[in-house]
Amino acid sequence: SQLIRGFLLSGMPCPSSCPSGLLALMAPGLALMATFSLPSQAGDRRALPVEKPPGVKGRTLILLDVNTKSPVRIISENFLSLQLDPSIIHDGWLDFLSSQRCVGPSAQLLTPILQCFVDFSSLFMAGKRPKDTVCGPVWAMGGRGEGHYDCVLLVVHQRNIVRSDIALDKQKGCKIAQHPDIMLELQREKAAQMHLVLLKEQFSNTYSNLTLTARSLDKLYNFADCSGLHLIFALNALRRNPNNSWNSSNALSLLKYSASKKYNISWELGNEPNNYRTLIGRSVNGSQLGKDYTQLRSLLQLIRTYSRAHLYGPNIGRPRKNVIAFLEGFMKVAGGTVDAVTWQHYYIDGRVAKVTDFLKTRLLDTLSDQIRKIQKVVNTYTPGKKIWLEGVGMTSAGGMNNLSDSYAAGFLWLNTLGLLASQGIDVVVRHSFLDHGHNHLVDQNFNPLPDYWLSLLYKRLIGPKVLAIHVAGLQRKPRPGRVIRDKLRIYAHCTSYHNHNYVRGSITLYIINLHRSRKKIKLAGTLRDKIVHQYLLQPYGKDGLHSKSVQLNGQPLAMVDDGTLPELKPRPLRAGRTLVIPPLTMSFYVVKNVNALACRYR
């Protein structure tokens, strides 16, 4: 399938026209990140002396310390990534990506406060739809078939969009579009109609096709340029010759066009190739896809602009037995060709999910086993090769309203970040920034949803160095045949170097409390008697876990205007104070001035 992805690279200076907005949320930086669930994933099981401070019951107290001497993992500074769904092309949202409403939020999600650094964000597009008139250079986006695409994009108000395009052409560098409110209202109506069409396709497992025009690629790249993104474009792998080898003629045309525009793009080939038989009635095995990747690498080397471009793949689905066999075949042939090995994971079928699903520890732990399966294959053929979870969503099939876009979904998302970092996955690509479903980070008014704020705090407070934690406290003995799965999950990192509110050597903890009662944590060892800054995220409003709004330390979070985020104020806690974690919450705690050896230097 044909995919488009984009990433923010930390350290890349923003152009002068780079607006401050949602992407600026995510500050790049080095942070030590330790992700060990409590207590089964603790880095050291040696019990700490359990004290009972006055007024604190021993049964509810957990002692916590962190190994500050050296990290257990170091992942990419661009660890947290985002995706865009391909539906933005056919439902019209592509034209609004370069508006201040969208560029603002996306830019602020990915760059730090007070600096024009950019960190890692990803665009992801898998071809899925429509049929209409073709205009200008076009490239088929297979994914779920092939077809044609209307180059105007927004047929409902075609004239307005054309005028908007002309206005963009007159600008130099990053081009910010201006859209009247009436256009945004009409766009929402069209997107709602297209959402119903997509749902029908998903339930029937029959898909129409999509063609990407040169104009569409220009608009997408302009959005990336304005937001400080680096694009990764996954070419259509479904175009096949009679002998089942990849037909690269269409891809070569796209590569030449992109090179003529001097677009800085990395590449991939296909999307979930293990499922091609159900999509096109023709299977492609891992060895054949490996040969196709070798062919693509040769094409890139023929084009000067992309002779050293990065190449990623094979972007397989969940690692079941047949998928593992597919990956083995691919790695034998092309393991040395790709710069990172990629796969996808979705936790729940979005059509049947319930809020209680997001609280199940068994579900939270399913990802860990999949990571081990992928690592085993990769390390067999190319030891040390980086691994990316290139597509992850809390639910599949577009998600469910008031559920996969609610506060409850954050438990899975935050735990996913912790597990991936602790097990050495270099990059995670979150589906999705904006799309037709309900897994996205911003809604159709470009207002941030709960997982957006969660991602923002993550990017601003922590980074890629993983620290081990040590815990001690009351633990239940499992009954025969049962495994106790921890409902209190604690991860530790060096605080981001790019966050100038904290000196180097500080440590950030983040904690997931799935219990229906509060938990008390006493910082011990090197963390003892240090001032702590609390960032407590809770649902805001009467909807509880279903809420699409959140509060930080009791204050509701919302954009100040189209391009301005609210100040994320911590709550200072006095030195030595016990941390009280409310039930069913997620929180970050910056332990100041620890002077951790592992956190002093990059």
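Please read these numbers as outputs of a predicted model, since none were measured by experiment.

The rules behind each value
For every chain, the first residue of the written sequence is number 1, and numbering continues from 1 onward in sequence order. Only residues with pLDDT of at least 70 get local features here, since the model is predicted, and only at 80 or more are side-chain atom pairs given and counted; chain-wide, interface and lining totals rely on the full set of residues. Note that water and hydrogens are dropped before the side-chain values are worked out from all heavy atoms of the structure. Put simply, a salt bridge is a Lys or Arg side-chain nitrogen that is within 4 Å of an Asp or Glu carboxyl oxygen. Per-residue accessibility, obtained with a 1.4 Å probe over protein chains only, is compared with the maximum for each type, and a residue is labelled buried under 20%, exposed over 50%, and partly exposed between these values. What counts as a helix is a DSSP run of H or I of at least four residues, what counts as a strand is a run of E of at least two, and both are numbered from the N terminus. One number per residue, pLDDT, summarises how confident the predictor is, and it ranges from 0 to 100. Contacts: residue pairs with any heavy atoms within 4.5 Å of one another. We define a nonpolar core as any set of buried Ala, Val, Leu, Ile, Met, Phe, Trp, Tyr and Cys residues linked to one another through side-chain atoms lying within 4.5 Å. When two rings of Phe, Tyr or Trp (its six-membered ring) have centres within 6.5 Å they constitute a pair, described as stacked for plane angles under 30 degrees, edge-to-face for angles over 60, and tilted for the intermediate range. By the criterion adopted, a ring carries a charge over it if an Arg CZ or a Lys NZ lies within 6 Å of its centre and within 35 degrees of its normal.

Chemist: Residues and numbers for the pattern of salt bridges, please.
Modeler: Applying the stated criterion across every chain, the model contains nine salt bridges. Here Asp357 and Lys354 are joined by a salt bridge, their closest N and O atoms 3.9 Å apart. Looking at Asp357, the relative accessible area reads 9%, which means it is buried. Asp405 serves as the salt-bridge partner of Lys548, at 3.3 Å between the closest nitrogen and oxygen. Of this pair, Lys548 sits in the loop between strand E19 (532-539) and strand E20 (550-552) while Asp405 is found in the loop between strand E12 (387-396) and helix H12 (410-422), placing the two residues 143 residues apart along the sequence. Salt bridges linked by common partners bring Lys354, Asp357 and Lys360 together as one network.

Chemist: Give a description of the confidence of the model for the protein that names residues and reports values.
Modeler: Of the residues in the protein, 67% reach a pLDDT of 70 or more, and the chain-wide mean stands at 75. Segment residues 1-21 is flagged for pLDDT under 50; beyond a separation of four residues in sequence, or across chains, it makes 128 contacts in the model.

Chemist: How would you explain the nonpolar core if you had to name every residue and give the values?
Modeler: The biggest cluster of nonpolar side chains holds 116 residues, and the ones touching the most others in it are Trp267, Tyr306 and Trp343. For Trp267, the residues in contact, after removing those within four places along its chain, are Ile232, Phe233, Leu235, Leu254, Leu255, Ser258, Leu300, Tyr306, Ala309, His310, Leu311 and Tyr312. The next biggest cluster of nonpolar side chains, apart from the first, holds 26 residues, and it includes Ile62, Cys494, Ile507 and Leu523.

Chemist: For the packing of aromatic side chains, give the residues involved together with the corresponding values.
Modeler: Summed over all chains, the structure comprises 11 aromatic pairs. When the ring of Tyr221 is compared with that of Tyr263, the centres are 4.0 Å apart and the planes differ by 20°; the resulting orientation is stacked. Here the residue Tyr221 occupies a position in helix H5 (residues 214-227), and Tyr263 occupies one in the loop between helix H6 (249-260) and strand E9 (265-269), the gap between them amounting to 42 residues. Where Phe233 meets Trp267, the ring centres are 5.7 Å apart and the plane angle is 50°; that geometry is what we call tilted. With Phe233 in strand E8 (residues 229-235) and Trp267 in strand E9, this pair connects stretches of sequence that are 34 residues apart. According to the relative accessible area criterion, Phe233 is buried, its value standing at 1%. Among the residues examined, Trp267 registers a relative accessible area of 0% and is labelled buried. Residue placement shows Arg430 over the ring face of Trp413; its charged tip is 4.9 Å from the ring centre. Cation over ring: Arg504 sits above Tyr497, and NZ or CZ is 4.5 Å from the ring centre.

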